[in-house]
Number of protein chains: 2
Amino acid sequence: MVKLVKTDSTEEKILISAKKNFLKNGMAGARMQDIADEAGINKALLHYYFRTKEKLFEVIFREAASNFFPQLEGIISAEAPLSEKIQGFCSAYIDMLLQNPFLPMFVLTESNNQPQRFRQKLWKNRGHLFMRFAADVNNEIKKKNIKPVDPGQLFMNMIALCIFPFLAKPIWQMTTGMGETEFRRMIEERKKIIPQLINDSIKK
Amino acid sequence: MVKLVKTDSTEEKILISAKKNFLKNGMAGARMQDIADEAGINKALLHYYFRTKEKLFEVIFREAASNFFPQLEGIISAEAPLSEKIQGFCSAYIDMLLQNPFLPMFVLTESNNQPQRFRQKLWKNRGHLFMRFAADVNNEIKKKNIKPVDPGQLFMNMIALCIFPFLAKPIWQMTTGMGETEFRRMIEERKKIIPQLINDSIKK
DNA sequence: GTCTATACTCGGATAGAC
DNA sequence: GTCTATCCGAGTATAGAC
């Protein structure tokens, strides 16, 4: 996809600043003043470009949401054994999350607050990745290569194990006294642990 | 524990209403007016009892947080094989979550917003349950009854699998078109699936 | 303890000059 | 397109009567 806006344009500066602020504080917590300050402009100009806070938020949210279920069609569609796909998916997904640690919390909280209609429009037909995955799983079941399992539960397990530590990070660090590097090491470790767990659970 | 406040006292009515509102909308989203309305009183009286919104919030938050890592010492301390404890823990935890579906989202989001100092005070020494569990696991490892695994990762996996579906519920329902009863059935199913998964992962 | 009325603050939005 | 100045509503908090 081609970037239609120059990196140093005012609009782009606003979007960068807005993304940072919204991801950190959510729609309710973010302040137009802060967004303006960080973009090096004033509030009036924000409204000139995006009319309202809500409209600005929507732009950021849409993009974030589209990344929540990652675009890993590449891995899922590849010609490879299921177990390797699972391995590749988890590893790549965790890497993405490491680079966007606020993404899960943001998408989950804000999804709750959106009105029903908007939510539907946003998430409907977003299930391509999952359906592709489910087809793979069902196929392997039919070929009797793996145990008969519910692909939905399998997918839920996989993303739960990948995402949850990022959500619980602050609490986890508090209760265990874990520092930044230790936490990181634990996450890295999970790139091996999770595929192992998932693959073991379907192995015949 | 003895309830010090009569159920129909004004204070109790406020607390019930506040809990409902805070859990649903979070600290930022909740409105003192709504809390007052639902308690059948006016705003002024809220402040009479709890001085500020923040103080009222703290009361609710403390109680919610103390339930997040559940008090299942009963199960964990029991004289039973580890596999049965895991089974019992997951099942009881999920039942608790079914009765408090907003709890996970609330505790996680609000924990992020608390200042460092308060967070520490709140979560420090909250790790009894986990330490007890870790001791059990290490013991079984020493006796060569199970594979050598990191108890931390094991515990993380267990709670991730239990909690995450409640966090992702709205998104999950949107993408899959799942209704209320189907979602419930899926959760019920997980009471069996999760212990199986966890126990299989440590079985020799 | 409970109410009505009001003060105060914060933050999103707009007017209008340049 | 960008700025300064200002408005205005929402929402927390308080004063003071009963």
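Residues numbered from 1 in each chain as written. Chains lettered and ligands numbered in written order. Predicted model: local features only at pLDDT ≥ 70, side-chain atom pairs only at ≥ 80, totals over all residues. Heavy atoms only, no water.

This part covers the domain arrangement of chain A. Residue and element names in this part refer to chain A. According to the domain assignment, chain A contains domain 1 (10-64) and domain 2 (69-202). Across the boundary between the two partners, domain 1 contributes ten residues, which contact ten residues of domain 2. By the criterion of area lost to domain 2, the three top residues of domain 1 are Leu23, Phe61 and Arg62, representing 59% of everything that side buries. Summed over the shared surface of domain 1 and domain 2, the number is zero salt bridges. The class makeup of the residues in the side of domain 1 that touches domain 2 is six nonpolar, one polar and three charged. (Domains from an automatic or database assignment. Contact = heavy atoms within 4.5 Å. Buried area = accessible area lost by both parts, 1.4 Å probe. Salt bridge = Lys/Arg side-chain N within 4 Å of Asp/Glu carboxyl O. Nonpolar A, V, L, I, M, F, W, Y, C, P; charged D, E, K, R; others polar.)

Turning to the side chain of Ser111 of chain A, a few remarks are in order. The topology assignment puts Ser111 of chain A in helix α7 (residues 103-113). When neighbours within four sequence positions are excluded, Ser111 of chain A is seen to be in contact with Phe61, Arg119 and Trp123 of chain A together with Ile171 of chain B. (Helix = DSSP H or I, 4+ residues; strand = E, 2+ residues; numbered from the N terminus.)

If you check the shell around DNA strand C, you find 16 residues, and the closest are Arg31, His47 and Lys53 of chain A together with Asn42 and Tyr49 of chain B. Protein-adjacent atoms of DNA strand C, using a 4 Å cutoff, are sugar or phosphate at a proportion of 61%. At a separation of 3.4 Å, a phosphate oxygen of DNA strand C approaches a polar backbone atom of Ala30 of chain A. Interatomic distance of 3.4 Å between a side-chain N/O atom of Asn42 of chain B and a sugar or linking oxygen of DNA strand C. Elements with a minimum of two residues in the surface near DNA strand C: α3 (43-50) of chain A together with α3 (43-50) of chain B. Ranked by residue count, the leading element in the surface near DNA strand C is α3 of chain B, at four residues. (Near = heavy atom within 4 Å. Polar contact = N/O pair within 3.5 Å; in protein donor to acceptor, adjacent residues only side chain to side chain.)

We now examine the environment of Phe22 of chain B. Residue and element names in this part refer to chain B. Summarising the element assignment, Phe22 is placed in helix α1 (residues 10-29). In sequence terms Phe22 and Phe61 are 39 residues apart; their C-alpha atoms lie 8.5 Å from each other. Those residues in contact with Phe22 that sit more than four places away from it in its chain are Met27, Ala30, Ile35, Lys53, Leu56, Phe57, Ile60 and Phe106.

Listed as interface residues are 40 residues of chain A and, on the opposing side, 40 residues of chain B. With both sides pooled, the region where chain A packs onto chain B buries about 4,000 Å², and carbon together with sulfur makes up 78% of that total. Where chain A packs against chain B, one counts zero salt bridges. If you list the elements that add at least two residues to the side of chain A that touches chain B, you get α7, α8 (116-123), α10 (151-176) and α11 (180-202) of chain A. Considering each element in turn, the side of chain A that touches chain B owes the most residues, 18 residues, to α10 of chain A. Residue classes in the side of chain A that touches chain B are distributed as 24 nonpolar, ten polar and six charged.

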